[in-house]
Amino acid sequence: MSVDIRSGAESRTSADTAVKPNPCRFCGQPLRLTFVDLGMSPLCESFLRADQLNEMEAFYPLHTYVCEHCYLVQLMEYVRPGEIFTEYAYFSSYSETWLEHARRYTEEMIARFGITKQSFVVELASNDGYLLKNFVARGVPVLGIEPAANVAEIARQKGVTTRVEFFGRELANRLVTEGVRPDLLLGNNVLAQVPDLNDFVAGMRVLLKPQGVITIEFPHLLRLMNENQFDTIYHEHFSYFSFVTAEAIFGAHGLVLFDVEELPTHGGSLRIYGRHREDSSKPITERAIALRALEVEAGLTHIETYSRFADQVKQTKWKLLDFLIRLKREGRSIVGYGAPGKGNTLLNYCGIRTDFLEFTVDKNPYKHGRFTPGTHIPIFEPERIMQRKPDYVFILPWNFKDEIIRQMASIRSWGGRFIVPIPEVQVID
Ligand SMILES: [Zn+2]
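Cut-offs and rules
- Residues numbered from 1 in each chain as written.
- Predicted model: local features only at pLDDT ≥ 70, side-chain atom pairs only at ≥ 80, totals over all residues.
- Heavy atoms only, no water.
- Pairing = 2+ DSSP bridges.
- Helix = DSSP H or I, 4+ residues; strand = E, 2+ residues; numbered from the N terminus.
- Axes fitted to C-alpha atoms, helices over the stretch in contact; angles between N-to-C directions.
- Buried < 20%, exposed > 50% of the residue type's maximum accessible area, 1.4 Å probe, protein only.
- Arc of directions from axis to C-beta.
- Contact = heavy atoms within 4.5 Å.
- Polar contact = N/O pair within 3.5 Å; in protein donor to acceptor, adjacent residues only side chain to side chain.
- Core = buried A, V, L, I, M, F, W, Y, C linked by side-chain atoms within 4.5 Å.

A sheet is described by the order of its strands in space; here four strands give the open sequence β12-β15-β16-β17, paired in mixed fashion. Unpaired on one side and paired on the other, β12 (334-337) and β17 (426-428) mark the two borders of the sheet. Mean inter-strand twist for the sheet, computed between neighbouring axes without regard to direction, equals 30°.

Right under this line is the structure:
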């Protein structure tokens, strides 16, 4: 059965047969089966200035594979991380929902694991200090590790000690030599962005205190598949995890996932809780056992389940374009809201340019006056929507749709409506 599927994938993508398959980022087995191929796309955070619009742009393949041995869904490392992360335009602090999530997380960890002023908390990819500032406010010593120098500088201004480095075994060993051993080691939305996954997870094992806890949050592959979230695939995200595969990866490095929570963030994420294998003080919870069973039930340990996703993505694109074309033929005006990374995958894959969206807006001033990569849609401040009074506002960061609909409620005064593209195009009055 699996042989039939492999040969099907090869006939779809000539690149598979022309070149030797790349090895799986985790287990090293050759990658042969396409998960979904979204074509060529520019780096989703490479927003353009007006003077760059007539220049050539770099496009890279957005072609994901699934490993038939460990079920890790992954992109090749088409772009070196140094090119992506040294000046990152994503500042966590621009989303109120995300800030609230970080506040609640801090309270929960302090209560559950007894984090005190004597503890030490390390965050990997600590961004602009949006989360660690909550621990600092409670007097807990922290260290942030953040490869993007511009966002790390903002964190320091908030009093969050931050080092500008990439995390892995080498840095973990250096930190241990300096006496840094965290009681709580966390990383939110970083695991997907790590090119050398084994080195990163091995580094966590080196760094974590013997009785310490790791928490990692990442978008849940099951939700991505069930809810057509193909736009969460972009070059910065190398890996897409189920709980079963995450357990295998951490297990290979002597770490046990003893608990897991399903979260609503980013369209449906998991927060996994890890500990050293030798630490028997934290038994495996019912929740962890139940989620593993749910994934097995959903077919995530069968390769056939993954081979169905590509068709689902095409259907989603066709339906969305059908809908937008109908609105434009009726003479409706549409503008975007937001310019997130996922928006750029969606816009490029679907071919949505200024012929559909006159402009988009974003709260992040870094993006004002710039243009979306590849599709060249101008980005303005949110107030622009109030001046233009469009018939429709197309919400690109659909994971924040409730927050955005609340903030932009006044578009209803002129009969404006919202469009949410994922999991399926939907109009909200
Ligand atoms: Zn593998």
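Having seen the structure, we can now continue with the description.
With omega at 5°, the peptide bond leading from Ile-422 into Pro-423 counts as cis. Inspection of the secondary structure assignment puts Pro-423 in the loop between β16 (417-420) and β17. For Tyr-71, which is not glycine, the phi torsion reads 65° and is therefore positive. With respect to the helices, strands and loops of the structure, Tyr-71 is situated in the loop between β2 (59-66) and β3 (73-75). One non-glycine residue, Asn-228, lies in the positive phi region at around 55°. Looking at where Asn-228 falls in the secondary structure, it is placed in the loop between α9 (221-226) and β9 (239-240).

The next point concerns helix α6 (residues 149-157). Considered for burial, the residues of α6 that qualify are Val-151, Ala-152 and Ala-155. Considered in projection along α6, the buried side chains sweep an arc of 105° and stay on one side of the axis. The inward-facing, buried residues of α6 contact β6 (162-163).

Now for the side chain of Thr-64. Summarising the element assignment, Thr-64 is placed in strand β2. According to the relative accessible area criterion, Thr-64 is buried, its value standing at 0%. Engagement of the side chain of Thr-64 in a polar contact is seen with the backbone oxygen of Val-36, the distance being 2.7 Å. Non-local contacts of Thr-64, meaning those with residues more than four positions away in its chain, are made with Leu-33, Thr-34, Phe-35, Val-36, Val-73, Gln-74, Leu-75, Ile-233 and Tyr-240.

On to the nonpolar core, then. Among the nonpolar cores identified, the biggest contains 58 residues, and Phe-35, Tyr-306 and Ile-352 are the most heavily contacted of them. Per element, the largest residue contribution to this core is eight residues, and it comes from helix α13 (residues 309-329). In this view, Ile-352 contacts Leu-320, Leu-321, Leu-324, Leu-346, Leu-347, Leu-357, Thr-375 and Ile-377; residues no more than four positions away in its chain are not counted.

Moving on, we get to the sheet that holds strand β8 (residues 213-219). With mixed pairing, the seven strands of this open sheet are ordered in space as β6-β5-β4-β7-β8-β11-β10. Of all strands in the sheet, those with a lone pairing partner are β6 and β10 (255-263), marking the two edges. Relative to strand β11 (residues 269-276), β8 runs antiparallel, the two sharing six bridges. In the sheet register, Thr-215 faces β11, and the bridge partner there is Tyr-273. Strand contacts of helix α10 (residues 243-252): β8, β10 and β11, with the helix running at about 155° to β10, the strand carrying the most contacts. Sheet contacts for helix α11 (residues 286-297): β10 and β11; angle to β10, the most-contacted strand, approximately 75°.

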